[in-house]
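Notes for the structure review
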Amino acid sequence: MSNALFIFFRRLRSLRQRLKIAFHIFLKRGAELLHLLEVERQRGTERQYLAEILHQHQEVAVTRQHEADVLRRASENNPTCRIFSAALYDVVLGKHVAIHAGTVLSKVNIADFSFIARESTVRNADIGKYCSIGPSVQIGLDPHPTRVIVSTHPAFYSNDNLGCVTTFRENKIFDDSVPKTVLANDIWIGTNVIIPGGIHIGTGAIIAAGSVVVKDVPPYAVVGGNPAKIIRYRFSEKQIKQLIESEWWDWPIEKIRQHIEEFSDIEKFRGGVTS
Ligand SMILES: CC(C)(COP(=O)(O)OP(=O)(O)OC[C@H]1O[C@@H](n2cnc3c(N)ncnc32)[C@H](O)[C@@H]1OP(=O)(O)O)[C@@H](O)C(=O)NCCC(=O)NCCS
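Residues numbered from 1 in each chain as written. Predicted model: local features only at pLDDT ≥ 70, side-chain atom pairs only at ≥ 80, totals over all residues.

1. Overview of the overall build of the protein chain
When its secondary structure is counted, the protein chain shows three helices and 15 strands. Taking the principal axes of its C-alpha atoms as reference, the protein chain extends roughly 140 × 50 × 30 Å. Looking at the protein chain as a whole, 20% of its 275 residues are labelled buried. Across the protein chain, the fraction of contacts at a sequence separation of at least 24, relative to all contacts at a separation of at least 6, is 22%. (Helix = DSSP H or I, 4+ residues; strand = E, 2+ residues; numbered from the N terminus. Buried ≥ 20, exposed ≤ 12 C-beta atoms within 10 Å, placed from the backbone. Contact = placed C-beta atoms within 7 Å.)

2. Digging into the site of the ligand
Taken together, 14 residues form the shell around the ligand, and within it Gly134, Gly190, Thr191, Ala208 and Gly224 come nearest. A per-class count over the shell around the ligand returns six nonpolar, eight polar and no charged. (Near = placed C-beta within 6 Å. Nonpolar A, V, L, I, M, F, W, Y, C, P; charged D, E, K, R; others polar.)

3. Some remarks on the domain arrangement of the protein chain
Examined at the domain level, the protein chain breaks down into domain 1 (1–77) and domain 2 (80–264). The C-alpha-based centres of domain 1 and domain 2 are spaced at 55 Å. Class assignment for the residues of the side of domain 1 that touches domain 2 results in three nonpolar, one polar and one charged. (Domains from an automatic or database assignment.)

4. Things to note about the nonpolar core
One finds Ala205 and Ile207 to be the most contacted residues of the largest nonpolar core, which totals 36 residues. Mapped by element, the contributors of at least two residues to this core are strand E2 (87–93), strand E4 (104–110), strand E6 (121–127), strand E13 (206–207), strand E14 (221–224) and helix H2 (237–246). Beyond its immediate chain neighbours, meaning those up to four positions away, Ala205 contacts Ile187, Val217, Pro219, Tyr220, Ala221 and Val223. (Core = buried A, V, L, I, M, F, W, Y, C linked by C-beta atoms within 7 Å.)

5. As for the sheet that holds strand E10 (residues 188–189)
Strand pairing in a sheet is mediated by backbone hydrogen bonds. Such pairs are either parallel or antiparallel. The strand order across the open sheet formed by eight strands is E1-E3-E5-E7-E10-E13-E14-E15, and the pairing between neighbours is mixed. Pairing within the sheet leaves two strands with one partner each, and these edge strands are strand E1 (82–83) and strand E15 (229–233). Sheet topology places E13 next to E14; two bridges connect them, and they run parallel. Considered in E14, the bridge of Ile207 is made with Val223. (Pairing = 2+ DSSP bridges.)

6. Brief notes about the pairing of E4
Where E2 meets E4, six bridges bridge the pair, whose relative direction is parallel. What sits directly across from Val92, in E4, is Asn109. Pairing analysis gives six bridges linking E4 to E6, with the strands arranged parallel. By the bridge assignment, Leu105 is partnered in E6 with Val122.

7. Some remarks on unusual backbone geometry
Between Asn226 and Pro227 the backbone carries a cis peptide bond, its omega angle lying at -5 degrees. Along the chain, the position of Pro227 falls in the loop between E14 and E15. Phi at Asp186 is positive, roughly 55 degrees, even though this residue is not glycine. In this fold, Asp186 is placed in the loop between strand E9 (181–183) and E10. Phi at Asn192 is positive, roughly 60 degrees, even though this residue is not glycine. Along the chain, Asn192 turns up in the loop between E10 and strand E11 (194–195).

8. Points about the confidence of the model for the protein chain
When pLDDT is averaged along the protein chain, the result is 90; 95% of the residues meet or exceed 70. Mean pLDDT per element in the protein chain: helix H1 (residues 3–77) is the minimum at 75, and E13 is the maximum at 99. (pLDDT = per-residue confidence, 0-100.)

9. A look at the pairing of E6
Two elements, E6 and strand E8 (residues 138–139), share two bridges in a ladder whose sense is parallel. Each bridged residue has a counterpart across the sheet, and for Thr121 the counterpart in E8 is Gln138.

10. Concerning the environment of Asp175
Examined against the element boundaries, Asp175 turns out to sit in the loop between E8 and E9. Judged by the 10 C-beta atoms lying within 10 Å of it, Asp175 falls in the exposed class. Each C-alpha atom, one on Asp175 and one on Leu37, is 54 Å from the other, the two residues being 138 residues apart in sequence.

11. Overview of the environment of Gly44
Locating Gly44 in the fold gives a position in helix H1. A tally of 10 C-beta atoms within 10 Å means that Gly44 is categorised as exposed. Each C-alpha atom of the pair Gly44 and Ile83 lies 45 Å from the other, and the pair is 39 residues apart in sequence.

Next up, the structure:
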């Protein structure tokens, strides 16, 4: 055997030996190595997951901060009102208005003395004076198409719907804005009432708890059920006429105080006529 061939075989043998040793180590510590690799992979996924969570939290924190600022300003600018931890977007408050915790309001005008109890959502609405809105009431729901357009899913009618990640449209072919709801004065809305929107509720009306209101409600009617129907009227026709003509909800506070006893019984109510 030539010298060069001898050296080659010797190196080959040592390489085989090294491979053998490496293989041996791998066999002995393979499971451990695989475990370490898995731990690293999981750490990587966890890091990515944590980064995503952190990002979301930052966004939520920014929104919360913004909401807190709006809330603080609303309270400062409306010292006669009592506003708990509610979210207010584009809201105009009258005097002596109360908004309770967890309530979300968007594009809402609320006149003097009205209140909205906890966990309610009101969107695109004008609310008159002395209205009592109960807890968990939903006013102003997003409409989806129910006629002509084949699917009710926003991908088929809108290019900017927040609920829709991927759309098939480059334009909007259905108006999905929330229709305006108008509440007159001295209206009482019970717990869990739903008003999809676009309707008018007359002064003095009562909406029974759990009702779904889809049609206009006349003044001083008590309505209930799903869909809400008239149960009765609160007062006689003559008394309702007198109340509406009095427009007592626009009286100055002093005048209300002066006539307060008349408010305790409709038979005593004289609509501000003093003689
Ligand atoms: C409507 C309500 C005010 C009662 O009014 P009322 O005139 O005293 O009514 P009555 O209890 O005499 O019942 C009259 C009719 O209305 C019906 N009714 C009462 N509450 C109803 C409701 N929530 N939904 C549907 N129908 C209702 C009754 O079954 C009864 O029907 P009938 O005449 O066929 O028997 C009351 O049931 C209600 O819903 N209160 C809301 C309480 C609330 O949510 N408070 C939140 C704090 S702001």
